[in-house]
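Here is how the chains run, residue by residue.
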Amino acid sequence: MFAVSRPGQALRAAVSGMGVLDRIRVGLLVLGLFFVATGLLPRDEAGDSIERIAPLLLFLFSVIVLAELTKEAGVFDAIAQRLASWGRGDYFALFLLCVAFASVTTVFLNLDTTAVLLTPVMLALAVRARIAALPLAVTTVWLANTASLLLPVSNLTNLLAADRVALETPAFAARMWAPQLAALAVTMVLLWVFYWRRSMRGADAGRYEPPPPEPVRDRVLFGATGMACLLFIAAILAGVHTGIQLGIAATVAAVVAVAAFAVRDRRALRPSLIPWQLMVFVTGLFLVVPTLERYGLDEVMRAVVGTDDGVAGAMRAAFAGGGLSNVLNNLPAYVAGESAVPKGNHDQLLSLLIGTNVGPVITPWGSLATLLWFEWCRRWDVRVPMRKFVLTGTALAVLGTAASVGALLITG
């Protein structure tokens, strides 16, 4: 009797030990597998979907391992110490530095790189400067999404949109600079009001104490992991923008970091490095979404988005894209919306793009960058109050999307 009950007890203990987000991730995968098992999603289509996301899964696995080992080597602590020193104890100066850092990283290195490489820098900065972590963390995730409008490389959805409207990088930037500035302006105002004000940031003093520099624990590990990150960034800057290439670049960089730790500190190579939560969620997502597309999602998007290329149609497309992004994810939301927009409606398409870039800041699964950010917060034990995250994210999604679409239409 006891032997029979033990597996059930172990399963219940494992489930009870999961957080809400972990249960959602596992539940999504179970739902996707149910669709495949019942034939609602044919096995060949499921196989094609998994094959398409294999490079993305490789990227997720490799880049999380790379970032975790880079953090272990103290690289993020060193960057954080430098930022805190430049702020000279002034919170507003630190705010501007963090906004600039996150924005530039997102624009030139894409939003997922910001989530992976900048989030641990910001969290390390909070520890080093002994200030609240949440304002720094939210600055990263909001700007990873809202600063991703300017260049095609800033977001995978941008690459799809630029190809659809036949805009090369200079022309795309010329069309999107005003929406990008509008999104940044709204983001900065709301960040300060909701998270950075003295009453919101949890700081008793009006200033923080810049931390003194600390010696590097292991210079070999510091140099090897830092070089691995630079290798990954160089691959992105060199034009490596497809999923397979990014996956390979991240894998090569991760191998460099793993090799260094295998020689210098094998204890750091532990199973907890594996981001199983993200891999489970992404796999489930790409089983559930194709099923929904088979049973009416495309038709629903055509009905919601409409065919008007004027102001009303642009706003409609933007908020439809942003809303669906927070339900499913911004990439399938953009793809579904793009198929509903007539080919000649460039303003409507770019408005849809704005909605799927600026809007996914309400739910944890709105974008891959937001998912990566939540993974880092979990690993650093940073508590994210979900009610505040959702409410403030809704304000940003609505105001940022409206301002950006308005700027697009005014400058069109």
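Because the structure is predicted, anything quoted here is derived from the model rather than measured.

Chemist: Help me out: how do you make sense of the overall build of the protein in this one?
Modeler: Assigned secondary structure in the protein consists of 17 helices and zero strands. In terms of overall size, the protein behaves like a compact globule, its C-alpha atoms giving a radius of gyration of 22 Å where 412 residues would be expected to give roughly 22 Å. The C-alpha extent of the protein, read off along each of the three principal axes, is 65 × 60 × 40 Å. Buried positions account for 53% of the 412 residues belonging to the protein. Relative to all contacts within the protein whose residues are 6 or more apart in sequence, the contacts with residues 24 or more apart total 81%. When the accessible surface of the protein is summed, it comes to about 17,800 Å², and 67% of that surface belongs to carbon and sulfur atoms.

Chemist: Help me understand the side chain of Thr225, please; the structure alone is not making it clear to me.
Modeler: Looking at the secondary structure, you find Thr225 in helix H10 (residues 219-237). A residue is classified by how much of its surface remains accessible, and Thr225, at 0% relative accessible area, is buried. Engagement of the side chain of Thr225 in a polar contact is seen with the backbone oxygen of Leu221, the distance being 2.7 Å. Residues contacting Thr225, with those up to four places away along its chain left out, are Leu69, Thr70, Ala73, Val75, Ala257 and Phe261.

Chemist: Got a minute to help me understand the pattern of salt bridges in this structure?
Modeler: It is possible for side chains bearing opposite charge to pair when their charged atoms get close. Throughout the structure, instances matching the rule amount to twelve salt bridges. Note that Arg302 and Glu299 form a salt bridge whose closest N and O atoms lie 3.7 Å from each other. Remark: Glu299 and Arg302 occur in helix H12 (residues 276-305); sequence separation between them is three residues, near one turn of the helix. Of the charged contacts, one joins Glu375 and Arg379 as a salt bridge, the two residues approaching to 2.7 Å between their closest N and O atoms. Of the two residues, Glu375 and Arg379 both sit in helix H16 (residues 368-379), four residues apart, roughly one turn of that helix.

Chemist: Teacher, can you tell me more about the packing of aromatic side chains here?
Modeler: As enumerated under the stated definition, the model contains ten aromatic pairs in all. Judged by centre distance (5.6 Å) and plane angle (85 degrees), the ring pair of Trp142 and Tyr195 falls under edge-to-face. One end of the pair, Trp142, is in helix H7 (residues 133-146); the other, Tyr195, is in helix H9 (residues 169-196), and 53 residues separate them in sequence. By relative accessible area, Trp142 is classed as buried at 0%. Aromatic pair Trp373 and Phe389: ring centres 5.6 Å apart, planes at 15 degrees, arrangement stacked.

Chemist: Even after reading the chapter, I still don't get the side chain of Ser367, so can you show me in this structure?
Modeler: Residue position: Ser367 is located in the loop between helix H15 (346-358) and H16. Looking at Ser367, its side chain comes within polar contact range of the side chain of Asn145, at 2.9 Å. Apart from the residues lying within four places of it in its own chain, the contact partners of Ser367 are Asn145, Asn329, Asn330 and Pro360.

Chemist: How should I be thinking about the confidence of the model for the protein in this particular structure?
Modeler: Of the residues in the protein, 92% have a pLDDT of 70 or more, and the chain-wide mean is 85. Taken element by element, the predicted model of the protein shows its lowest mean pLDDT in helix H1 (residues 2-16) (46) and its highest in helix H17 (residues 386-410) (97). A low-confidence stretch, residues 1-5 (pLDDT under 50), is modelled with zero contacts involving residues beyond four sequence positions or located in other chains. For the stretch residues 7-11, pLDDT sits under 50, and the model shows zero contacts to residues farther than four places along the chain or on other chains.

Chemist: Hey, could you run me through the nonpolar core in this one?
Modeler: Side chains of a nonpolar character, in soluble globular proteins, are inclined to be buried together. Of all hydrophobic cores here, the largest spans 125 residues; its most connected members are Leu125, Trp142, Trp196, Phe232 and Trp373. Contact partners of Trp142, with chain neighbours within four places excluded, come to Thr187, Leu190, Leu191, Phe194, Tyr195, Val361, Thr392, Gly393 and Leu396.

Chemist: Is there a simple way to explain the environment of Ile354 in this structure?
Modeler: Turning to its location among the elements, Ile354 is positioned in helix H15. Among the residues examined, Ile354 registers a relative accessible area of 0% and is labelled buried. The spatial distance from the C-alpha of Ile354 to the C-alpha of Met315 is 9.9 Å, given a sequence separation of 39 residues.

Chemist: Can you help me understand helix H3 (residues 43-72) in this one?
Modeler: Every α-helix carries 3.6 residues per turn, so stepping three or four residues along brings you back to the same face. Between the first and last C-alpha of H3 there are 41 Å, a value that for 30 residues agrees with the 44 Å anticipated at 1.5 Å per step. Within H3, the axis deviates most sharply at Ala54, by approximately 40 degrees, and proline Pro55 lies no more than four positions further along. Looking one or two residues beyond H3, the residue adopting positive phi is Gly74, at roughly 90 degrees.

Rules used in this analysis
Residues numbered from 1 in each chain as written. Predicted model: local features only at pLDDT ≥ 70, side-chain atom pairs only at ≥ 80, totals over all residues. Heavy atoms only, no water. Helix = DSSP H or I, 4+ residues; strand = E, 2+ residues; numbered from the N terminus. Rg over C-alpha atoms; globule rule 2.2 N^0.38 Å. Buried < 20%, exposed > 50% of the residue type's maximum accessible area, 1.4 Å probe, protein only. Contact = heavy atoms within 4.5 Å. Areas by Shrake-Rupley, 256 points an atom, 1.4 Å probe, with all protein chains shown as cover. Polar contact = N/O pair within 3.5 Å; in protein donor to acceptor, adjacent residues only side chain to side chain. Salt bridge = Lys/Arg side-chain N within 4 Å of Asp/Glu carboxyl O. Phe/Tyr/Trp six-rings, centres within 6.5 Å; stacked < 30°, edge-to-face > 60°. pLDDT = per-residue confidence, 0-100. Core = buried A, V, L, I, M, F, W, Y, C linked by side-chain atoms within 4.5 Å. Expected span 1.5 Å × (residues − 1). Bend = angle between axes of the 7 residues up to and from the residue.

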